[in-house]
Every structure is written in structure tokens, then in C-alpha cells.
Amino acid sequence: FRETVKTTVSICVMGLYSAGKSAFINALIGEEIMPSASDPTTAKTYRVSSSEQSKIHFQYNGKDINLLFSGNKYAPQVAAQLNDNELLTSIKQAIESSGSDLQSVHMYRALQVINEFEGKTARPNVISDVIDVEVPFIHSSLALDEFDYVIYDTPGSNSASNKRHMEILQEALKGQTNGLPIFLTTPDTMDSKDNNEIIDIIDQMAGALDRTNTMVIVNRADEKDSETLESKKKA
């Protein structure tokens, strides 16, 4: 009965490039699934949901692809035959070269390839704008007994194609209400103009996102003294 009446909580993680959004989501999930690095990493919008199975779903050249993960096993399932399997080959090679039997490593490597693929091949729009990731939040500290969670990992809001990314996010959130915006920033960018524009974006998504409950998280705050942080906060 509890599973039937569970409320789904939508969490939308927003911020500038390299603010630590993907690393923060990994902390929520309880495993290092989403690729994260000091350089700008996320080029797609990822929709991460808690599930009993582990799966990555997206479209490649308009055809559905499901990547299934179970323990140390990886099995791609393609709804329609692909003439060009360059992407699947790259994913298989990345997983095999990892030298790991861990499912989390396999998913990390697969997402890394998917995220970087278009940039390396100079073939735009062959992969769908939204990538669905399902994974058990086994080591998560979220209240999984009470709620189901859907977490959105968005590209940096100061990207050149920011407007397009925000349109994709808005479409992905369609039909959802009162999602929780989590605004990630760093001490050096707390008072930047780009961060102010994120608030405007949240306002534009009124209904889908609840600005009144926006959570602001300052990553790497320990690198600054309290006086500097306080002055940034006031600004």
C-alpha cells in the first residue's frame, strides 16, 4: 500500500558549469554513476530515477536504445536495428577497458561515452536531448520508503546553448508540479550575473518548480574564510 501511494519528488539540480552538480547527484544516489570532472562535463539533460533495475535509455538516430546492467553484466538492447553501431561499440570498449566488474563503473563509463560522443564525432543531434537513467539508490540516505525520486541533472546554465537546454528541461518537467530546485554554486561565482539568470529560469518554470523552496548549496565553501563567504552572501 505504501508503495502504491508514494509521492514522487522531482529534484532539479541547476548551476553553472563545473559547480559540482553531477558530483552532488552522485552523493544523493549513493554511488558514482554520473560523470563528473573539474572541466565542464554534462552536455545532455539526465533524468535519474530510483528503480529496482539498472538501465540507461535514450534514442540514437531516432531509434530506442536500452542499456541494461546487472552486477558485472552489460547488455545493450536495441528496439530497431542500427546501421551505424559506432556508439554501442564505443560504450562496449569503454566498459571493457575499465578493468572493473563493478556495475557503477560500467554505468559511469557508458554515460561518459554518451555525453561526449557528439563532440568527438562532430555529428550533432544523433543522441536524444534527455537521457533516462534508472538505478537502485541502495546506498542513498534519501527517504526511499516514503517517496520516489526523480533527479534532473542539467547542463551548465552559462553554456552557449543555454536557452535550448532550458527548453528541454521545461519539456521534461511537463506535467510535474512543485519540483524542488537545488541551486549549486561556488564561493567564486555566488555573485555572478549568470547565477542571477538561474533564478529567472526558475521563475519561468513556475508550477513545475517551486521557487519558494529553492535550496542553495555552496560547493567548496571550505576553501574560503567565513568573512568572505558572508560578504558574498550579502552581495
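The coordinates are above.
Treat the numbers as computed from the prediction; the structure is a model and nothing was measured. (Residues numbered from 1 in each chain as written. Predicted model: local features only at pLDDT ≥ 70, side-chain atom pairs only at ≥ 80, totals over all residues. Heavy atoms only, no water.)

**Q** Could you clarify how one ought to interpret the overall build of the chain in this entry?
**A** What the chain contains, in helices and strands, is six helices and nine strands. Burial analysis of the chain (235 residues in total) assigns 43% to the buried set. Surface accessibility of the chain: about 12,500 Å² in total, with carbon and sulfur atoms responsible for 46%. (Helix = DSSP H or I, 4+ residues; strand = E, 2+ residues; numbered from the N terminus. Buried < 20%, exposed > 50% of the residue type's maximum accessible area, 1.4 Å probe, protein only. Areas by Shrake-Rupley, 256 points an atom, 1.4 Å probe, with all protein chains shown as cover.)

**Q** Explanation requested: the packing of aromatic side chains in the structure shown.
**A** Where two aromatic rings form a pair, the distance of their centres and the angle of their planes describe that pair. Within the structure shown, the criterion is met by three aromatic pairs. Ring geometry for Y60 versus F117: centroids 5.9 Å apart, planes at 80 degrees, classification edge-to-face. Of this pair, Y60 sits in strand β3 (residues 54-60) while F117 is found in helix α3 (residues 103-121), placing the two residues 57 residues apart along the sequence. Taking the relative accessible area as the measure of exposure, Y60 reaches 0% and is therefore buried. (Phe/Tyr/Trp six-rings, centres within 6.5 Å; stacked < 30°, edge-to-face > 60°.)

**Q** It is not clear to me how helix α2 (residues 86-97) should be interpreted in this structure. Could you clarify?
**A** In an α-helix, one full turn covers 3.6 residues, which means residues spaced three or four apart are oriented alike. Given a rise of 1.5 Å per residue, twelve residues ought to cover 16 Å, and the 16 Å separating the end C-alpha atoms of α2 matches this to within 8%. Of all the positions in α2, only L87, L88, I91, A94 and I95 are classed as buried. All buried residues of α2 lie within an arc of 125 degrees about the axis, which places them on one face of the element. Opposite the buried face of α2, at more than 90 degrees from it, the exposed residues are E96 and S97. (Expected span 1.5 Å × (residues − 1). Arc of directions from axis to C-beta.)

**Q** I'm lost on the pairing of strand β4 (residues 63-70) in this one. Help?
**A** A regular strand places its side chains so that they alternate between the two faces of the sheet. Direction of pairing for β3 relative to β4: antiparallel, over a ladder of seven bridges. Each bridged residue has a counterpart across the sheet, and for K55 the counterpart in β4 is L68. Here β3 folds back onto β4 in antiparallel fashion, the turn holding two residues, of which N61 has a positive phi close to 55 degrees. (Pairing = 2+ DSSP bridges.)

**Q** Please explain the nonpolar core as it appears in this structure.
**A** Most often, soluble globular proteins keep nonpolar side chains buried together rather than apart. By size, the foremost hydrophobic cluster in this structure holds 40 residues, and its most contacted members are V48, I56, F58, L67, I91, I114 and I127. Among the elements that take part in this core, α3 stands out by supplying six residues, more than any other. The contacts of L67, once residues within four sequence positions are left out, are S54, K55, I56, F58, Y74, A75, P76, L88, I91, A110 and I114. Counting residues in each nonpolar core, the second largest holds 17 residues, with V130, I201, M205 and A208 among its members. (Core = buried A, V, L, I, M, F, W, Y, C linked by side-chain atoms within 4.5 Å. Contact = heavy atoms within 4.5 Å.)

**Q** Where do I start with the environment of T186 in this structure?
**A** Among the secondary structure elements, T186 is positioned in the loop between β8 (180-185) and α5 (193-204). Sequence-wise, T186 and I217 are 31 residues apart; in three dimensions their C-alpha atoms are separated by 8.2 Å. Dropping the residues within four chain positions of it, T186 is found in contact with A19, V218, N219 and R220.

**Q** Where do I start with helix α1 (residues 21-29) in this structure?
**A** By the criterion of burial, α1 is predominantly enclosed, with seven of the nine residues buried. Residues of α1 that are buried sit in contact with β1 (7-15), β2 (45-50), β6 (130-135), β7 (147-153), β8 and β9 (215-218). G30 lies just past α1 and shows a positive phi near 100 degrees.

**Q** Would you mind going over the pairing of β6 with me for this structure?
**A** Most of β6 sits inside the fold, with five of its six residues counted as buried. Two strands pair when backbone bridges link them, and β3 and β6 are joined in this way by three bridges, in the antiparallel orientation. Each bridged residue has a counterpart across the sheet, and for H57 the counterpart in β6 is D132.

**Q** I would appreciate a short explanation of the pattern of salt bridges in the present structure.
**A** This model, assessed by the stated rule, comprises three salt bridges. Between E96 and K92 there is a salt bridge whose closest N-O contact spans 2.6 Å. Highlighted residues: E96 and K92, both in helix α2, separated by four residues, approximately one helical turn. The exposure class of E96 is exposed, given its relative accessible area of 53%. (Salt bridge = Lys/Arg side-chain N within 4 Å of Asp/Glu carboxyl O.)

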